[in-house]
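These are the residues of each chain, in order.
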Amino acid sequence: MNGVSKNIASKHRSVLLEAVIIFIASAAAGLIVNAINPNGIGLVRDDSDRFAVDTSKTKNENLINKRGKLNKGGFLEPVNIPVETAKQLFDEKAVFVDGREEEEFKAGHIKGAENIPYKEFKDKTRDEKVEIMKNIDTSRIIVSYCSSDSCEISIDNAYEMAKAGYNNIKIYLGGYKEWSKLGYPTEK
Amino acid sequence: MRILSNKYFLLILRLIVGGVFIAASLDKLYHQEEFSKAIYYYKIPFLDPFINISAIIIPYLELFSGILLVLGIFKRGSSLIIIILLVLFIVMLTSAYSRGLDISCGCFSLETVGEKSNILLRIIEDILLLIAAIIIFLKSKIIINKENH
């Protein structure tokens, strides 16, 4: 190896070394801060229950009355429901809550649905969430939905409502896309 | 193309790219769970085991690389990391776009991930940043070479 190529190789090494130092410092800072942060997250994300639509019961009535399990956070976890159950609940005058932003909500939503955009709702305090929820009849079953199952703010919004103390929340993952495709009632 | 080697031009590029990365890291640092969700929403199956570890480390990678780039320390190392991150972001965004993932629903609601809720704009932004980072990386190298000759 001549002097020039040695020089180039050494420069490449120094770039890689710089990058490795930055990476190690970032990983160390991230892991240490996360470990001491009371709001830190686990090293592996657990979404195992996220999509578990409960269709084990043959009678919808059982599913409708089923309450989610008590979560570590001290609230009842919302239950995922299939479209048939969502339609049944719609016919029984359940409250549908659309978690999308106002603009999308106005472009079309499940008939009679209330709009509680997740984006704003998630940052509210518990009291503020209760205040927002005053506008809807919480004595009824609440069905949280968004646009489709590739969206998932239906789940997140449902959990935010559950954390605020509402324990009759269902999640309809199929959302507006599936609902409107089936020709079920919508409005703008 | 002499301007590309102009030290003031390179300084402006470093301040822009570094500044964008510092700003982008701050929201993620304070909302790790949200950032973890944002990565999750890209729905890339083989990434699943690494979602949280990425959400823990990436904000610091962005912050440290951004600060170093602004300060002009480890310019090539930090710009290399930024290039790798941007390529990763562009691949993920393009993949989400091509699969028709529903991102207009607020899924990418973390401000730094997509306030504009327009995936194409995000891709264009990232490509522009990538071009700037590549110029910084290459031109820093040329300056060092010249110093050695």
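A. Local environment of the overall build of chain A. Counting secondary structure elements, chain A contains 8 helices and 7 strands. Taking all 188 residues of chain A together, 35% fall into the buried category. Across chain A, every contact between residues at least 6 apart in sequence was considered, and the portion connecting residues at least 24 apart equals 66%.

B. View of the packing of helix α3 (residues 51-71) of chain B against helix α4 (residues 75-98) of chain B. Residue and element names in this part refer to chain B. One way to put it is that α3 packs onto α4 with a least axis distance of 9 Å and a crossing angle of 140°. Viewed along their axes, α3 and α4 adopt a mutual orientation that is oblique. Remark: the crossing between α3 and α4 carries left-handed chirality. When α3 is examined against α4, the residues L61, E62, S65, L68 and L69 are found in contact with a partner set consisting of K75, S78, S79, I81, I82 and L85. Partitioned by chemical class, the residues of the contact of α3 with α4 number 6 nonpolar, 3 polar and 2 charged.

C. Representation of the environment of A:N167. Along the chain, A:N167 falls in the loop between α7 (153-163) and β6 (169-172). Residues A:N167 and A:V79, 88 residues apart in the sequence, show an inter-C-alpha distance of 9.9 Å.

D. A look at the interface of chain B and chain A. Contacts between the two partners involve 32 residues from chain B, matched on the other side by 34 residues from chain A. Among the elements that make up the side of chain B that touches chain A, the one with the highest residue count is α3(B) (11 residues). Looking at the side of chain B that touches chain A residue by residue, the class counts come to 19 nonpolar, 10 polar and 3 charged.

E. Representation of the confidence of the model for chain A in the model. Overall, the predicted model of chain A reaches an average pLDDT of 82, with 81% of residues at or above 70. Note that residues 55-63 of chain A has pLDDT below 50 and, in this model, 9 contacts with residues that lie over four places away or in other chains.

F. Spatial organisation of unusual backbone geometry. We note that A:K93 has phi near 65°; this positive angle belongs to a residue other than glycine. Turning to its location among the elements, A:K93 is positioned in the loop between α3 (83-91) and β2 (95-98). Non-glycine residue B:F74 carries a positive phi angle of around 50°. With respect to the helices and strands, B:F74 occurs in the loop between α3 and α4.

G. Just the sheet that holds strand β5 (residues 142-145) of chain A, in detail. Residue and element names in this part refer to chain A. Spatially, 5 strands are ordered β1-β6-β5-β2-β4 in an open sheet, and the strand pairing comes out parallel. Of all strands in the sheet, those with a lone pairing partner are β1 (79-81) and β4 (114-115), marking the two edges. Pairing analysis gives 3 bridges linking β1 to β6, with the strands arranged parallel. Bridge pairing links V79 to K170 in β6. Sitting on the sheet, α7 is in contact with β2, β5 and β6, with an inclination near 175° to β6.

Conventions we followed
Residues numbered from 1 in each chain as written. Chains lettered and ligands numbered in written order. Predicted model: local features only at pLDDT ≥ 70, side-chain atom pairs only at ≥ 80, totals over all residues. Helix = DSSP H or I, 4+ residues; strand = E, 2+ residues; numbered from the N terminus. Buried ≥ 20, exposed ≤ 12 C-beta atoms within 10 Å, placed from the backbone. Contact = placed C-beta atoms within 7 Å. Axes fitted to C-alpha atoms, helices over the stretch in contact; angles between N-to-C directions. Parallel < 35°, antiparallel > 145°, perpendicular 65-115°, else oblique. Left-handed = near helix turned anticlockwise from the far one by under 90°. Nonpolar A, V, L, I, M, F, W, Y, C, P; charged D, E, K, R; others polar. pLDDT = per-residue confidence, 0-100. Pairing = 2+ DSSP bridges.

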